[in-house]
Amino acid sequence: MASIQTFIQANSMEEVVEILQSDRSAAIIGGGAYLRLGKKRISKAINIQKLGLNAIEKTQEGYRIGAMVTYGDLERMPGNVFDGFRRAVRDNVGVQLRNMVTVGATVFSRYGFSDLNTMMMALGATVEFAQMGTMPIEDYFSMERPMRDFLIAVNIPGDVEVTAFHALRLTTTDYAILNVAAVQRDGRWRVAVGGRPGRACLCMEAAEQLENGHIYQAATALAEKLTFGTNRLAREDYRKCIAPGVLRRALEEVGVHGG
Amino acid sequence: MEVNLIINKKPRTVHIRPDETLIETLRGLGLNGVKQGCDTGSCGVCTVHMDGKAILSCTQLTAMAEGRGITTIEGVQQQAEQIGQYLVAEGVEQCGYCSPGTVMSILYLESCIADPSDDDILHYLNGNLCRCSGYEGQLRAIRTYLEAKRNESDR
C-alpha cells in the first residue's frame, strides 16, 4: 500500500500546479485504486474533487470529459460514442471499481494495460493539461518525459459511425493480453492497439486498409507494423499472432464484415 | 486528520491516517459486516455504497469520502435478511464470506435497473467473487428475489 504523509484538499487548479511543481513526491489522487497495489511514498496527496472536474459536457466538437469522471459515469452516458467506452470497460473488474477509477488517472498514467486508453486513442481524444495545454492523446503517449503537470480533461469528438473494441483476456476481469479499438468517423478509420504490453498506439496502415474495405489486410497490418513485447501474461510472438484476430473480432461484433 | 462521514445515516467524525482506507475505518468502528478479502480491489467482498453507488471500501481512501453517505450491510439489515433467505434457499451460502458484498451489489443492481435481465445481473455481480458456490445458485436466487419484489410492487 502506498503511504501518504499529508492529505490536501485543493481549492484551485493553480494550487494543484504549485504543489506539484514544488514537491516531487506530491501526487494527485484520482480514484485511488492503484494505491493498494504499490509502495509509493506520497508526501502530499492532492484531492481535486472540489474542482468541478467530474462532469461530462457536450461541446461543439463532441464531449469534454473531466479528469474525475469515473468509468461508471462513462458507462451510464447514452449515445453511440459512449458505446465504445461501454465495450472497452465492461470487463474491468466490476461495477464497484468502475465507480471509483477515474478517466484522468488512467489517461495521465498512460497505463499500457488500459482498455480505456486504447479506446480513447481510437476515438481521437485530445488531452488538456494545466501547463502543457491541449494535444492529441497519441502525442502525449509518445512523450519521453512529460513535465509534471495536471490533467484537467479529455476531449473526444462527437458523432461516430462505428466504435469497435475487443480484448483477449485469460479470465473475464483480468488485464487484457491485447486490446484493439477501431473507430469510424466521417468515413475515416482510426485503429489503436494496447496491452502490447506497451501503451496504446495507432496503426495507420490498418486504418488505411479499412478505409479501402480490406479487413484482412488491415488485420495483418497490426502484426506487421506494430511492436509487441513479453510479460507475465503473454509472449511477444503470441501477441503478434493474435493481433489480427482481435481486430477482426472487434469489427465482427459491430457488424463490420468483409474480406 | 479528521474526516466527517455519514455512516448508515448517522453523522460520524473519525480520526484517521491520511492513507487510511475506508474498510479500515469502518471495521475500526465495529462495522465488521464489511469483510476484508483480497485488499486489492479485485474480489468485491468489501463492497459498500457511497452516495448510493457501490464501491470497494478496501480501495477507497477515507479522506476522499469526506462528507459522503456510506451504507454498509449493517445499514440495510432488513433487505439483507430478505435477500439472504433467497440465497439460502438456493444453497448458495457456504462459508458466507462473500455474502455481505454480494448483497450490497444486489441492492445496487436493484437501485439502478428496474427489471434486470440475466445479462444485467451478471454485469452487476461480476465484481463479486465467490470461492464456494460456482455462481449458478446465486443467479437463481437473485432472479427469484427480483421476481418476488416485482410481484410485491405489482400488488
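Residues numbered from 1 in each chain as written. Chains lettered and ligands numbered in written order. Predicted model: local features only at pLDDT ≥ 70, side-chain atom pairs only at ≥ 80, totals over all residues. Heavy atoms only, no water.

Novice: Would you take a moment to explain the packing of helix α8 (residues 204–211) of chain A against helix α9 (residues 215–225) of chain A for this structure?
Specialist: Helix packing geometry: the angle between the two helix axes and the distance between the axes. All names here are of chain A. Running from amino to carboxyl end, α8 crosses α9 at an angle of 175°, the nearest separation of the two axes being 8 Å. On the basis of their axis angle, the class for α8 and α9 is roughly antiparallel. Across from Glu 205, Ala 206, Gln 209 and Leu 210 in α8, the residues of α9 making contact are Ile 215, Gln 217, Ala 218, Ala 221, Leu 222 and Lys 225. Looking at the contact of α8 with α9 residue by residue, the classes come out as 6 nonpolar, 2 polar and 2 charged. (Axes fitted to C-alpha atoms, helices over the stretch in contact; angles between N-to-C directions. Helix = DSSP H or I, 4+ residues; strand = E, 2+ residues; numbered from the N terminus. Parallel < 35°, antiparallel > 145°, perpendicular 65-115°, else oblique. Contact = heavy atoms within 4.5 Å. Nonpolar A, V, L, I, M, F, W, Y, C, P; charged D, E, K, R; others polar.)

Novice: Quick question: what am I supposed to make of empty space enclosed by the protein here?
Specialist: If a probe the size of a water molecule is rolled over the atoms, the empty space left behind becomes visible. Residues and elements named next belong to chain B. Taken as a whole, this structure holds 1 cavity of 30 Å³ or more when the rule is applied. Each pocket or cavity is described by its volume, and for the largest cavity that value is around 30 Å³. Together, Val 92, Glu 93, Gln 94, Cys 95, Gly 96, Cys 98, Ser 99, Cys 130 and Cys 132 line the largest cavity. (1 Å grid on protein atoms, 1.4 Å probe; cavity = no way out; pocket = protein on both sides within 12 Å on 5 of 7 lines; lining within 4 Å. Points joined across faces, edges and corners; volume = space filled by probe spheres on them.)

Novice: Quick question: what am I supposed to make of the interface of chain B and chain A here?
Specialist: Residue-level contacts link 28 residues of chain B with 33 residues of chain A. When chain B packs against chain A, the two sides together hide about 2,400 Å² of surface, and 58% of this comes from carbon and sulfur. Of all residues in chain B, Thr 59, Met 64 and His 123 of chain B bury the most surface against chain A, accounting for 26% of the area lost on that side. Summed over the shared surface of chain B and chain A, the result is 1 salt bridge. Residues Asp 73 of chain A and Lys 53 of chain B are paired through a salt bridge, measuring 4.0 Å at the closest nitrogen-oxygen approach. In this assembly, chain B and chain A are joined by 11 residue pairs in polar contact (both at pLDDT 80 or more). When residues of the side of chain B that touches chain A are traced back to their parent elements, those giving at least two are β4 (53–56), α3 (99–112) and α4 (118–125) of chain B. At 4 residues, the largest contribution of residues to the side of chain B that touches chain A is made by β4 of chain B. Across the side of chain B that touches chain A, the residue classes tally to 11 nonpolar, 13 polar and 4 charged. (Buried area = accessible area lost by both parts, 1.4 Å probe. Salt bridge = Lys/Arg side-chain N within 4 Å of Asp/Glu carboxyl O. Polar contact = N/O pair within 3.5 Å; in protein donor to acceptor, adjacent residues only side chain to side chain.)

Novice: Can you help me understand the sheet that holds strand β12 (residues 201–202) of chain A in this one?
Specialist: Two pairing modes exist for strands in a sheet, parallel and antiparallel, and in both the strands are linked by backbone hydrogen bonds. Residue and element names in this part refer to chain A. The 4 strands are arranged β9-β10-β11-β12 in an open sheet whose pairing can be described as antiparallel. Sheet topology places β9 (162–169) and β12 at the edges, where each strand pairs with a single neighbour. The strands touched by helix α6 (residues 115–123) within the sheet are β9, β10 (176–185), β11 (188–194) and β12, with β10 carrying the most contacts at an inclination of about 25°. (Pairing = 2+ DSSP bridges.)

Novice: Quick question: what am I supposed to make of the side chain of Ser 133 of chain B here?
Specialist: Residue and element names in this part refer to chain B. Within the secondary structure, Ser 133 is located in the loop between α4 and α5 (136–154). One polar contact links the side chain of Ser 133 to the main-chain amide nitrogen of Tyr 135, over a distance of 3.1 Å. Here the side chain of Ser 133 touches Gln 138 through a polar contact of 3.5 Å, side chain to side chain. The residues touching Ser 133, leaving out its near neighbours within four places in the chain, are Val 92, Gln 94 and Gln 138.

Novice: Looking at this structure, I do not really get the nonpolar core. What am I missing?
Specialist: Considering soluble globular proteins, one finds that nonpolar side chains tend to be buried as a cluster. All names here are of chain A. Core analysis: the largest hydrophobic core is formed by 88 residues, its most contacted members being Phe 85, Val 103, Val 107, Met 120, Val 127, Val 154 and Ile 156. Looking at which element gives the most residues to this core, the answer is α6, with 6 residues. Setting aside anything within four residues of it in sequence, one finds Val 103 in contact with Ile 65, Gly 66, Ala 67, Val 69, Leu 74, Leu 116, Met 120 and Val 154. (Core = buried A, V, L, I, M, F, W, Y, C linked by side-chain atoms within 4.5 Å. Buried < 20%, exposed > 50% of the residue type's maximum accessible area, 1.4 Å probe, protein only.)

Novice: How should I be thinking about the pattern of salt bridges in this particular structure?
Specialist: Opposite charge on two side chains permits pairing when their charged atoms draw close. Residue and element names in this part refer to chain A. Under the defined criterion, the tally for this structure stands at 20 salt bridges over all chains. Put simply, Lys 44 and Asp 23 hold a salt bridge, and the shortest N to O gap is 3.0 Å. Taken as a pair, Lys 44 in strand β3 (residues 41–47) and Asp 23 in the loop between α1 (13–22) and β2 (26–29) lie far apart in primary sequence, 21 residues in all. In this structure, the salt-bridge partner of Arg 76 is Asp 73, at a minimum N-O distance of 3.4 Å. Taken as a pair, Arg 76 and Asp 73 lie in helix α2 (residues 71–76) at a separation of 3 residues, close to a single helical turn. Judged by its relative accessible area of 40%, Arg 76 is partly exposed.

Novice: Explanation requested: helix α10 (residues 236–253) of chain A in the structure shown.
Specialist: One turn of the α-helix equals 3.6 residues, which is why residues spaced by three or four share an orientation. Residue and element names in this part refer to chain A. Taking 1.5 Å per residue as the helical rise, α10 with its 18 residues ought to reach 26 Å, and the 26 Å between its terminal C-alpha atoms agrees with that figure. The largest bend along α10 reaches roughly 35° and is located at Ile 242, with the proline Pro 244 sitting one to four residues downstream. Listed as buried for α10 are Arg 239, Ile 242, Ala 243, Pro 244, Val 246, Leu 247, Ala 250 and Leu 251. In the segment just after α10, Gly 255 is the residue with positive phi, at about 80°. (Expected span 1.5 Å × (residues − 1). Bend = angle between axes of the 7 residues up to and from the residue.)

Novice: Sorry, what's going on with the layout of surface pockets here?
Specialist: In this model, the second largest pocket occupies a volume close to 440 Å³. In terms of lining residues, the second largest pocket is bounded by 19 residues, among which Gln 49, Met 68, Thr 70 and Asn 99 of chain A together with Arg 68 of chain B are the most central. At the level of secondary structure, the elements contributing two or more residues to the lining of the second largest pocket comprise α2 of chain A together with β4 of chain B. A per-class count over the lining of the second largest pocket returns 6 nonpolar, 8 polar and 5 charged.

Novice: Quick question: what am I supposed to make of the sheet that holds strand β8 (residues 151–157) of chain A here?
Specialist: Residue and element names in this part refer to chain A. A sheet is described by the order of its strands in space; here 5 strands give the open sequence β4-β5-β8-β6-β7, paired in antiparallel fashion. Bordering the open sheet on either side are β4 (56–58) and β7 (133–136), each of which pairs with just one other strand. If you compare each strand with its neighbour and ignore which way they point, the axes differ by 20° on average. Pairing of strand β5 (residues 62–66) with β8, which is carried by 5 bridges, proceeds in the antiparallel orientation. What sits directly across from Tyr 63, in β8, is Ile 156.

Limitation: the analysis is restricted to geometry and does not speak to function.
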